[in-house]
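# Working through the structure, step by step
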Amino acid sequence: MKTLRNLFSLCLFLTSTMAMAAPQIICTTPRESKVVLIKDTSVALSTPEKLINQRTVASVSSVRTKLQGKGFTKIIFLDGIKHTIHIENQNDFSDVNDYMVMRSQEGHEITYPLTCNK
C-alpha cells in the first residue's frame, strides 16, 4: 500500500510539473478512490490505479464554472452522470467545505468530501 501511495505521489508530481503553464488543483476523495484534476478550462476524473498504469484519464473540456467569492463550482457531465465540484476557498482548502456530488439521471446522488492541494 505504501508503494502504491508513493507511485501515486510521483505520478501527481510529474503531472503537475509537466503542466506548469496552467495552474491546477488536485483533489482526492476519502481513501483516494477518485482523483480530480481541476484546471481553468477542464476537469479530469480518474482513479490512482489508472494514473499509475498510464491509462488515459477521463477529461472533459466543456465545463460550466460559477465563481463564488474566493471559490468556485464546476459542473460537468460524464457518461450520463452530472458531477458538481465545489471548492469553497481555493487559497485555503477544507475537507469540510470542498466536495463533489455525483448525480445519475435517475436522481441517485453521492456526495464525496474532497481533500485538495495545488
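Attention in this report is confined to the structure presented alongside it.

Cut-off values and rules
Residues numbered from 1 in each chain as written. Predicted model: local features only at pLDDT ≥ 70, side-chain atom pairs only at ≥ 80, totals over all residues. Heavy atoms only, no water. Pairing = 2+ DSSP bridges. Helix = DSSP H or I, 4+ residues; strand = E, 2+ residues; numbered from the N terminus. Axes fitted to C-alpha atoms, helices over the stretch in contact; angles between N-to-C directions. Phe/Tyr/Trp six-rings, centres within 6.5 Å; stacked < 30°, edge-to-face > 60°. Lys NZ or Arg CZ within 6 Å of the ring centre and 35° of its normal. Contact = heavy atoms within 4.5 Å. Buried < 20%, exposed > 50% of the residue type's maximum accessible area, 1.4 Å probe, protein only. Core = buried A, V, L, I, M, F, W, Y, C linked by side-chain atoms within 4.5 Å.

Our next topic: the sheet that holds strand β7 (residues 81-87). Spatially, five strands are ordered β5-β6-β7-β8-β9 in an open sheet, and the strand pairing comes out antiparallel. Two strands lie at the open edges of the sheet, namely β5 (64-68) and β9 (109-113), each paired on one side alone. The average undirected angle you get between the axes of adjacent strands in this sheet is 15°.

Another point: the packing of aromatic side chains. Applying the stated criterion to the full structure yields zero aromatic pairs. In this structure, Lys-74 is placed above the aromatic ring of Phe-72, and the distance from its NZ or CZ to the ring centre is 5.5 Å.

Glancing now at the environment of Arg-64. You can see Arg-64 is positioned in strand β5. In the structure, Arg-64 is positioned ten residues away from Lys-74 in sequence and 5.5 Å away in space, judged by C-alpha atoms. Those residues within four positions of Arg-64 in sequence are excluded, and the remaining contacts are Thr-73, Lys-74, Ile-75, Phe-77 and Lys-82.

The next point concerns unusual backbone geometry. Although it is not a glycine, Asp-79 sits at a positive phi angle of roughly 55°. Structurally, the position occupied by Asp-79 is in the loop between β6 (71-78) and β7. The class of Asp-79 is exposed, set by a relative accessible area of 75%.

To continue, consider the nonpolar core. Generally speaking, a soluble globular protein has its nonpolar side chains buried in company with each other. Counting 17 residues, the largest nonpolar core has Cys-27, Val-36, Ile-38, Ile-85, Ile-87, Met-100 and Leu-114 as the members making the most contacts within it. Secondary-structure elements contributing two or more residues to this core are β1 (25-28), β2 (35-38), β3 (43-46), β6, β7 and β8 (99-103). The greatest single-element share of this core, amounting to three residues, is contributed by β6.

Right, let's talk about the environment of Pro-30 for a bit. Mapped onto the fold, Pro-30 is located in the loop between β1 and β2. Spatially, the C-alpha atom of Pro-30 lies 7.2 Å from that of Leu-114, the residues being 84 residues apart in sequence.

Attention now moves to the pairing of β9. For β8 and β9, the ladder comprises five bridges, and the chain directions are antiparallel. From the neighbouring strand, Tyr-99 faces β9, where its bridge partner is Pro-113. The turn linking β8 back onto β9 is made up of five residues, and Gly-107 within it adopts a positive phi angle of 100°.

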